[in-house]
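# Examining the three-dimensional arrangement
So you can see what is in the structure, the chains are spelled out below.
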Amino acid sequence: MEDCEWVLVKEPTDRDIWSPSLKNGEESSSSRPLEIRFNEAAKHWTDALPIGNGRLGAMIWGGVSSEILNLNEDTLWTGTPGDYTKPEAPKSLAEVRKLVDNGQYAEATEAAVQLTDNSPDVYQLLGDIKLEFDDSHGTFQEEKYERVLDLDTATVKVNYSVGDVEFAREYFASNPDQVIAAKVSANKPGYLAFTLSMDSKMHHHTYVSGNNQIIMEGSCPGKRKPPKVDANDNPKGIQFTAILDLQISGGSDNLQVLDNRRFRVEHCDWAIILLVASSSFNGPFIKPADSKRDPKSECSSMLNSIKKFSYSELYARHLDDYQKLFHRVSLQLSKSSDSVAKESGRVSTADRVKSFKTDEDPSLVELLFQYGRYLLIACSRPGTQPANLQGIWNCMLEPPWDCAPHLNINLQMNYWPALSCNLKECQEPLYDYTTSLSLSGCKTAKVNYEASGWVAHQVSDIWAKTSPDRGQAVWALWQMGGAWICTHLWEHYTYTLDKAFLANKTYPLLEGCTSFLLDWLIEGRGGYLETNPSTSPEHAFIAPDGKAASVSYSSTMDMSIIKEVFSDIVSAAEVLGKSDDDLIKRVLKAQPHLCPTRIARDGSIMEWAQDFEDPEIHHRHVSHLFGLFPGHTIGVRGTPALCKAADYTLYKRGEEGPGWSTTWKTALWARLHNSEHAYRMVKHLFDLVDPDHEANFEGGLYSNLFTAHPPFQIDANFGFSAAVAEMLVQSTMRDLYLLPALPRDKWPNGCVKGLKARGGVTVSICWNEGDLHEFGLWSNGRTTTKRLHYRGRSIATKILTGKVYTFNKQLNCVKTYALF
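Here the structure is a predicted model, which means the values were calculated and not measured.

Cut-offs used in this document
- Residues numbered from 1 in each chain as written.
- Predicted model: local features only at pLDDT ≥ 70, side-chain atom pairs only at ≥ 80, totals over all residues.
- Heavy atoms only, no water.
- Disulfide = S-S within 2.5 Å.
- Helix = DSSP H or I, 4+ residues; strand = E, 2+ residues; numbered from the N terminus.
- Buried < 20%, exposed > 50% of the residue type's maximum accessible area, 1.4 Å probe, protein only.
- Pairing = 2+ DSSP bridges.
- Axes fitted to C-alpha atoms, helices over the stretch in contact; angles between N-to-C directions.
- Parallel < 35°, antiparallel > 145°, perpendicular 65-115°, else oblique.
- Left-handed = near helix turned anticlockwise from the far one by under 90°.
- Contact = heavy atoms within 4.5 Å.
- Nonpolar A, V, L, I, M, F, W, Y, C, P; charged D, E, K, R; others polar.
- Salt bridge = Lys/Arg side-chain N within 4 Å of Asp/Glu carboxyl O.
- Phe/Tyr/Trp six-rings, centres within 6.5 Å; stacked < 30°, edge-to-face > 60°.
- Lys NZ or Arg CZ within 6 Å of the ring centre and 35° of its normal.

### As for the state of the cysteines
- This model, assessed by the stated rule, comprises one disulfide.
- A sulfur-sulfur separation of 2.2 Å characterises the disulfide bridge that pairs Cys-751 with Cys-766. Its S-S torsion of approximately -60 degrees makes the covalent link between Cys-751 and Cys-766 left-handed. Of this pair, Cys-751 sits in strand 24 (residues 749-757) while Cys-766 is found in strand 25 (residues 761-768), placing the two residues 15 residues apart along the sequence. Note on accessibility: Cys-751 and Cys-766 belong to one class, buried.

Structural data, given as structure tokens:
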């Protein structure tokens, strides 16, 4: 067997199962690599390239004389577990409700501040790895420099030449081995020399251990900077350890220890750097001072466990793990059937973004779509914390908006592509986090609102904060955060048909959420059940008395989310045989009394229960359209009048806004089957942001394709992937819409493989000259019946488990074959 060569045969993914008869440009996909490319080192943090394994992240700058890797670990936060209750809140609640009932909305808004609480804690950073090279690197050949993130392999490579010596660096973050790995090499022996160190802005100390490791031990602040309460309190914060392991060619003779903190490497061919890190965080309800976790011991164990693997084996294990997820979905878009993809050569991705306004290169849309999937894999894996406002990547002790999960759009948008884009495992951290919120939220509901069940508000943190934020009611007071997240739990069932998950995870959380909502609703005007106080997230109105206000009753978003949750739990109870439960009977009794979505005098969807004057018609939030997307109470088939009003609402709102607003509007236009406007919002996002003057921009992309608010927020990266998927495939448990918002003049030819639809169905589609050519459907769950829709034509078909069905453009079944 010594003479045999072993070849790794990869398990086929969803994109491999179906092969169209029309290749539709797939042959040319190799000339359109999924790469984010730079021809120079990073000058700003948003020029650096991100890698991550769900828990650990790094930003790679690619400097020639001095290389920097900014490091993150997802459990490093300020603070300790909190008390998210306010015993005096019921008295304030009664006062606010009375003012609302009397139509004194400005006064209610002012009084509602008494219901708000404290700010969340703050996501921190781990530190930096720094490599400093000798002076010869200052004369590198700039024209040969390249720094590339390859989405296909989740690897960053930096290549450059100094004289006739070629230097290469390679970086990846392995999920199976929980390590960030780097290899630095030269193509001529003995030419590699550098100084290696590790540092941090956090409170820490660093020292050399043995002859090849640097250890960094540190701690997070036990409380955030003011205005956090208890200024005299100084609790012990989360502790952390990072160990950097160095392996070099030539052994210890080429290694020198400097000031017991750094290594100096000389005359080497290659060096391998391994970084592991851990913290004392042991869950949101255990004080760091009481944690039994030993981060230094955990790091040592992690390093010992990977010592049995060579660098090549570590890379192969990383690749296998990552590609099992990433390769499930492929997307090819082209302008014409005979076009050949442009050879990108050394054109930077930033230059491609700049030119998009004129050339509208569809391969750049492919790249940004897949980048969102890459980032979700890189920052959210089973067992990690949920993706925060920047995923896991942060270089600041006081990041924008604390990097905290915001539950009034941003956290949810982070997970919009998880199901439709075939990454259901990546949503598991959100489910685990929701369980923690439910435990904190029970106390908040009981004390603050004298209600059963559980509640979460607008912003949270690693400690599962469920009380309102500190500050004005317009953003801080919003009781629907947990309810919105619960809709994700039901969606998990609709996509996967996982009945065990529904019974064990989804239903208990839905029960608690529904119990709170039933208690929160009160009898109000016109025989309707209403929410009071109520806000439409971050948006104010002009009350009838001419005063500015934000607090009223029964905002459209409140009622839309409640309708969604009630519908979800009724459907879940039917699946689980719980329809006779008392809670379900209460829901069924309440549903007819929920305030309907109303149309304003100007023909738009009303944002509040009354047709208040809107002082900012181009406001960034489109909360009152929740029922259209991501909700399901407004739809083109069932509610045409509301769809017409939603269309005008979007037109009235305008195209401007931060990145997440742009991608939400893209998805909303897609749900209306309006391809022209959906594409306009796609195009709107391709605006290259200058980080030195980012205040001049609304939305857009940084040079590394991070999406901008500005500053950087990752939610629009995820929202973009979900919105593009929505343009190509939409579904309910019964219906499947093919290419419902395809911009036929912009993407006349294309093929998408491996998208998921509700009902446990996988969908692949190819189209040619703007028209459906053929598509494949299959189900690994159970036999299901779908009604298929394409441009006004419909057919019903039964999809049997374990078989692939291929249809031609006349919607006639032409081929059936068994799955692998």
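### A few points about the sheet that holds strand 11 (residues 203-209)
- Read from one edge to the other, the open sheet built from nine strands follows the order 1-6-7-8-9-16-13-12-11, with strand pairing classed as antiparallel. Because the sheet does not close on itself, it has two edges, and the strands there are strand 1 (35-38) and strand 11. In this sheet, neighbouring strand axes are inclined to one another by 15 degrees on average, regardless of whether the strands run parallel or antiparallel.
- Two elements, strand 13 (residues 239-248) and strand 16 (residues 270-279), share nine bridges in a ladder whose sense is antiparallel.

### Topic: the packing of helix 16 (residues 640-653) against helix 17 (residues 659-671)
- As a packed pair, helix 16 and helix 17 sit with axes 10 Å apart at the nearest point and diverge in direction by 150 degrees. When the axis of helix 16 is compared with that of helix 17, the two are roughly antiparallel. Two packed elements cross with a definite hand, and for helix 16 against helix 17 that hand is left-handed. For the pair helix 16 and helix 17, contact is made by Asp-647, Leu-650, Tyr-651 and Arg-653 and by Lys-665, Leu-668 and Trp-669, respectively.
- Of the residues belonging to the contact of helix 16 with helix 17, the class tally is four nonpolar, no polar and three charged.

### Remarks on the pattern of salt bridges
- Considering all chains together, one arrives at 36 salt bridges under this definition.
- Two residues, Lys-547 and Glu-107, come together in a salt bridge whose shortest N-O distance is 2.8 Å. One end of the pair, Lys-547, is in the loop between strand 20 (541-542) and strand 21 (548-549); the other, Glu-107, is in helix 3 (residues 105-111), with 440 residues separating them in the sequence.
- Since its relative accessible area comes to 25%, Glu-107 is described here as partly exposed.
- When salt bridges that share partners are traced, they join Glu-35, Arg-37 and Glu-146 into one network.

### Some words on the packing of aromatic side chains
- As enumerated under the stated definition, the model contains 34 aromatic pairs in all.
- Their ring planes at 55 degrees and their centres at 4.9 Å tell us that Tyr-431 and Phe-501 sit as a pair that is tilted. Here Phe-501 lies in helix 13 (residues 499-520) and Tyr-431 lies in helix 10 (residues 428-449), a separation of 70 residues in the sequence.
- On the basis of relative accessibility, which here comes to 1%, the residue Tyr-431 falls in the buried class.
- Three or more aromatic residues joined by ring pairs make a cluster, and in this case those are Trp-416, Trp-484, Phe-626, Phe-629 and Trp-664.
- One residue, Arg-525, lies across the ring of Tyr-553, its end atom 3.7 Å from the ring centre.

### Some words on the pairing of strand 12 (residues 213-219)
- Across the seven residues that make up strand 12, a large majority, six, are buried.
- Pairing geometry for strand 11 and strand 12, over seven bridges, is antiparallel. Following the sheet pairing, Ser-209 is matched in strand 12 by Gln-213.
- Here strand 11 folds back onto strand 12 in antiparallel fashion, the turn holding three residues, of which Gly-210 has a positive phi close to 65 degrees.
- Direction of pairing for strand 12 relative to strand 13: antiparallel, over a ladder of seven bridges. Along strand 13, the bridge assignment pairs Ile-215 with Ile-243.

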